[in-house]
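Below are the chains, spelled out letter by letter.
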2 protein chains.
Amino acid sequence: MDDAQHQYVDKVATFFTMFGSTRAWAEILGWLMICEPAERTQAELAEDLGLSAGTVSTQLRTHVQLGMVEQVRVRGERVQRYRLKPGAWREVMTSELGRIQALGDLASAAAPVMPGDRPDRVTELGDLAGFFAREWPPLMARMTAELEKGTP
Amino acid sequence: MDDAQHQYVDKVATFFTMFGSTRAWAEILGWLMICEPAERTQAELAEDLGLSAGTVSTQLRTHVQLGMVEQVRVRGERVQRYRLKPGAWREVMTSELGRIQALGDLASAAAPVMPGDRPDRVTELGDLAGFFAREWPPLMARMTAELEKGTP
DNA sequence: GGCACGTTTCAATAGTGACTGAAACTGCTG
DNA sequence: CAGCAGTTTCAGTCACTATTGAAACGTGCC
């Protein structure tokens, strides 16, 4: 990993750390975005990034669980390799719908515990969630269509 | 604050804590969503939620900076009151565009530091960011139109 | 079977940052 | 001006958790 690459990994790490992710998690993500070959073993990741094997194991597991990274087996090799999952970003965007619905549920759950005469604070959130719940699926469909066009 | 309300605040807090926010921050948000009257002083919030005055001051400031909460002066009173900012959720969604663009920048920045023969990992992210950069403004416009319809 | 390499688990450590409590500060009231 | 309620600031404490290092655990090769 040269200087420029190191700087890039740091940039990605800084960005995602701002939203509460751990440094190691974000560094692995950043490195997997640009490393060559794209398929890496845990031991290589640890070596490349100067992290312990334990950290890589743990953080990589969360990446896999979140669907950002997948295990691959390279023909002829018997080691476990990991790479950025193609289409992962798309999936993250698609799964946003679940979070929107959770917000909507939060709004619904508020109704019984607040005085009925001023529900506006909560109906606003509910309406918003409703709007996105309707708009999100067609938007995702358009997204998929457009991205496939680029990668035939 | 009765039991049901307490439970609701806890529910909201649990939800937002999952995404990296602090407990106090999320509790204040949850309580401001349902408390009556909606306008509260810092001292009241501290008392209601069992937080120290210092914590309330700090967390409330971040709420104000993020645009979720605003200061209001109630006629005749001279105390500082705070409430959930009307339209705050809408604004949060609108400002999502900034984060999308940041992701797009991250993708652009990757180009120089990776071998040119396999740029797919990064172009995917770039295309995605481009898609949202184009779609987001009209989507926001539709959102505003629809929500205004509900609150004439 | 034994060896080498990679991965997982886990106890211990280090570092961070949320939260508190007290003290300083502000602006209003009598 | 003294008194008071509310707010801000900040040093210190505490809890949490990210990270490490080492030890156990595979798993395929010799």
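Residues numbered from 1 in each chain as written. Chains lettered and ligands numbered in written order. Predicted model: local features only at pLDDT ≥ 70, side-chain atom pairs only at ≥ 80, totals over all residues. Heavy atoms only, no water.

**Focus on the relation of the copies chain B and chain A**
The two copies are related by a screw motion: chain B maps onto chain A through a turn of 180° and a shift of 0.0 Å along the axis, at an RMSD of 0.1 Å. Expressed as a symmetry operation, the mapping of one chain copy onto the other fits a two-fold axis. Among all C-alpha atoms of chain B, that of Gly 20 of chain B lies closest to the rotation axis, at 2.4 Å. Both copies present the same face, since 100% of the interface residues in chain B are matched by interface residues at the equivalent positions in chain A. (Least-squares fit on C-alpha atoms with pLDDT ≥ 70 in both. Contact = heavy atoms within 4.5 Å.)

**Considerations on unusual backbone geometry**
With omega at 0°, the peptide bond leading from Glu 36 of chain A into Pro 37 of chain A counts as cis. Along the chain, Pro 37 of chain A falls in the loop between helix H2 (23-34) and helix H3 (42-49). (Helix = DSSP H or I, 4+ residues; strand = E, 2+ residues; numbered from the N terminus.)

**Looking at the interface of chain B and chain A**
The parts lose accessible area when they come together, and the size of an interface is often stated as this lost area. Listed per partner, the contact involves 50 residues of chain B and 50 residues of chain A. Summed over both partners, the interface of chain B with chain A comes to about 4,700 Å²; 69% of that surface belongs to carbon and sulfur atoms. Per-residue buried area on chain B facing chain A is highest for Leu 106, Val 113 and Arg 121 of chain B; these three make up 15% of the total on that side. Our enumeration of links across chain B and chain A arrives at 6 salt bridges. (Buried area = accessible area lost by both parts, 1.4 Å probe. Salt bridge = Lys/Arg side-chain N within 4 Å of Asp/Glu carboxyl O.)

**Quick look at H3 of chain A**
Residue and element names in this part refer to chain A. Every buried residue belonging to H3 is among Leu 45, Ala 46 and Leu 49, and all of these are buried. Angular distribution of buried residues about the axis of H3 spans 100°; they occupy a single face of the element. Opposite the buried face of H3, at more than 90 degrees from it, the exposed residues are Ala 43 and Glu 47. Buried-residue contacts for H3 involve helix H1 (3-17), H2 and helix H4 (53-66). Positive phi shows up at Gly 50, right after H3, with a value of about 70°. (Buried < 20%, exposed > 50% of the residue type's maximum accessible area, 1.4 Å probe, protein only. Arc of directions from axis to C-beta.)

**As for the domain arrangement of chain A**
All names here are of chain A. Domain annotation for chain A reports domain 1 (3-84) and domain 2 (88-150). The distance between the C-alpha centroids of domain 1 and domain 2 comes to 30 Å. The interface is formed by 5 residues belonging to domain 1 together with 4 residues belonging to domain 2. Buried surface at the junction of domain 1 and domain 2, summed over both partners, amounts to about 350 Å²; 81% is from carbon and sulfur atoms. Where domain 1 packs against domain 2, one counts 0 residue pairs in polar contact (both at pLDDT 80 or more). (Domains from an automatic or database assignment. Polar contact = N/O pair within 3.5 Å; in protein donor to acceptor, adjacent residues only side chain to side chain.)

**Here we look at the pattern of salt bridges**
For side chains of opposite charge, pairing can occur when their charged atoms come near one another. Residues and elements named next belong to chain A. If you walk through the whole model with that rule in mind, you get 24 salt bridges over all chains. Across the pair Glu 27 and Arg 23 runs a salt bridge whose closest N-O atoms are separated by 3.1 Å. Here Arg 23 and Glu 27 lie together in helix H2, a separation of 4 residues that amounts to about one turn. Residues Arg 81 and Glu 44 are paired through a salt bridge, measuring 3.2 Å at the closest nitrogen-oxygen approach.

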